[in-house]
Amino acid sequence: MLSEVERQELEEAVKHYPDKRGAAIDALLLIQRRRGWISDETLHEIAQFLEITPEDLDSVATFYNLIFRKPVGRHVAFVCDSISCWIKGCEQVQEQIKTLYGADFGQTSPDGRLTVLPIACLGHCERAPAVLIDQDVYGDVTPEKVEQIVEKYK
Ligand code: FES
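Residues numbered from 1 in each chain as written. Predicted model: local features only at pLDDT ≥ 70, side-chain atom pairs only at ≥ 80, totals over all residues. Heavy atoms only, no water.

S.K.: Would you mind showing me how to read the pairing of strand β3 (residues 114-119) here?
M.R.: Both faces of the sheet carry side chains from a regular strand, because those side chains alternate between them. Across the six residues of β3, five count as buried, placing the element largely inside the fold. The sheet contact formed by strand β1 (residues 75-80) and β3 spans six bridges and is parallel. In the sheet register, V76 faces β3, and the bridge partner there is T115. Bridging between strand β2 (residues 107-108) and β3 involves two bridges; their strand directions are antiparallel. If you follow T108 over to β3, its bridge partner there is T115. With antiparallel pairing between neighbouring strands as the criterion, β2 and β3 make up a hairpin whose turn holds five residues, including G112 at a positive phi of roughly 75 degrees. (Buried < 20%, exposed > 50% of the residue type's maximum accessible area, 1.4 Å probe, protein only. Helix = DSSP H or I, 4+ residues; strand = E, 2+ residues; numbered from the N terminus. Pairing = 2+ DSSP bridges.)

S.K.: Before we go on, may I ask you to explain a nonpolar patch on the surface in this structure?
M.R.: Where nonpolar side chains cluster on the molecular surface, the patch consists of I83, W86 and I87 and spans about 370 Å² of accessible area. For I87, the location among the structural elements is in helix α5 (residues 83-87). (Patch = residues over 30% accessible without salt bridge, like charges linked within 9 Å, V, L, I, M, F, W, Y side chains within 5 Å. Areas by Shrake-Rupley, 256 points an atom, 1.4 Å probe, with all protein chains shown as cover. Salt bridge = Lys/Arg side-chain N within 4 Å of Asp/Glu carboxyl O.)

S.K.: Looking at this model, I keep getting lost on the packing of helix α6 (residues 90-101) against helix α7 (residues 143-150). Mind explaining?
M.R.: The angle between the axes and the distance between the axes are what describe a pair of packed helices. Between α6 and α7, the shortest axis-to-axis distance is 9 Å and the interhelical angle comes to 50 degrees. Judged on the interaxial angle alone, α7 and α6 are oblique. By crossing handedness, the relation of α6 to α7 is classed as right-handed. When α6 is examined against α7, the residues Q92, V93, Q96, I97, L100 and Y101 are found in contact with a partner set consisting of P143, V146, E147 and V150. (Axes fitted to C-alpha atoms, helices over the stretch in contact; angles between N-to-C directions. Parallel < 35°, antiparallel > 145°, perpendicular 65-115°, else oblique. Left-handed = near helix turned anticlockwise from the far one by under 90°. Contact = heavy atoms within 4.5 Å.)

S.K.: Would you take a moment to explain the sheet that holds β3 for this structure?
M.R.: Sheet strands line up and pair through hydrogen bonds in the backbone, either parallel or antiparallel. Pairing in this open sheet of five strands is mixed, and the strands run β2-β3-β1-β4-β5 from one edge to the other. This sheet does not close on itself; its edge strands, each paired only once, are β2 and β5 (136-138).

S.K.: What is the right way to look at the nonpolar core in this model?
M.R.: Inside soluble globular proteins, nonpolar side chains tend to come together where they are buried. If you look at the biggest cluster of nonpolar residues, it comprises 27 residues, and the most contacted ones within it are F78, I97, L114, I133, V141 and V146. Secondary-structure elements contributing two or more residues to this core are β1, α6, β3, β4 (131-133) and α7. The biggest single contributor to this core is β1, with five residues. Filtering out sequence-adjacent residues up to four positions away, I133 remains in contact with V76, A77, Y138, I149, V150 and Y153. (Core = buried A, V, L, I, M, F, W, Y, C linked by side-chain atoms within 4.5 Å.)

S.K.: Would you mind showing me how to read helix α2 (residues 24-35) here?
M.R.: Side chains three or four residues apart in an α-helix point the same way, a direct result of the helix having 3.6 residues per turn. The end-to-end C-alpha separation of α2 is 16 Å, in line with the 16 Å expected for twelve residues at 1.5 Å each. Of the residues making up α2, those classed as buried are A24, A27, L28, L30, I31 and Q32. Looking at the buried side of α2, the elements it contacts are α1 (4-14), α3 (40-50) and α4 (54-63). Positive backbone phi, approximately 90 degrees, marks G36, located one or two places after α2. (Expected span 1.5 Å × (residues − 1).)

S.K.: Sorry, what's going on with the pattern of salt bridges here?
M.R.: Proximity of charged atoms lets side chains of opposite charge pair with each other. Scanning the model with the defined rule gives twelve salt bridges in all. Among the ionic pairs, R69 bridges to D40, the shortest N-O distance being 2.7 Å. Separated by 29 residues along the polypeptide, R69 in the loop between α4 and β1 and D40 in helix α3 bring together distant segments of the chain. Its salt-bridge partner being R127, residue D140 comes within 2.8 Å of it at the nearest N-O pair. You can see D140 sitting in the loop between β5 and α7 and its partner R127 sitting in the loop between β3 and β4, a full 13 residues away along the chain. Exposure remark for R127: the relative accessible area of 36% places this residue in the partly exposed category. Each member of the salt-bridge network shares a partner with another, and the members are E6, R35 and E45.

Right under this line is the structure:
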């Protein structure tokens, strides 16, 4: 069930849209910030608040890759695997993350610290390969730099 605080935050978010449904992404992100991910139950609660079907809200949630429909670690690392980053060695960066933290794409490290996901172009191509961790974008990432970067995220 949505808490009073969550409900208040959603009420605030929908004020910015002529139709409640327009706030779907904002609403999902707001609740995800509090709960870490969007379970089926949470999705239904938000859909009810937005007066939208759970199926329609799920379409939004699964299309937008910053919404997590499964539990994630304390931090999420998105490794860009689009063309510029691929040319500049994103696969080696991904491999190094896997070696150091035991998490391949779609997996979470055994200590629950880091979930690793692929992402399309982060708009940081001039500094490929690029990695987004939580809200922070890193460019010119090399396998050698991975540990130094990830160590900031406990
Ligand atoms: S291709 Fe990776 S940031 Fe653009």
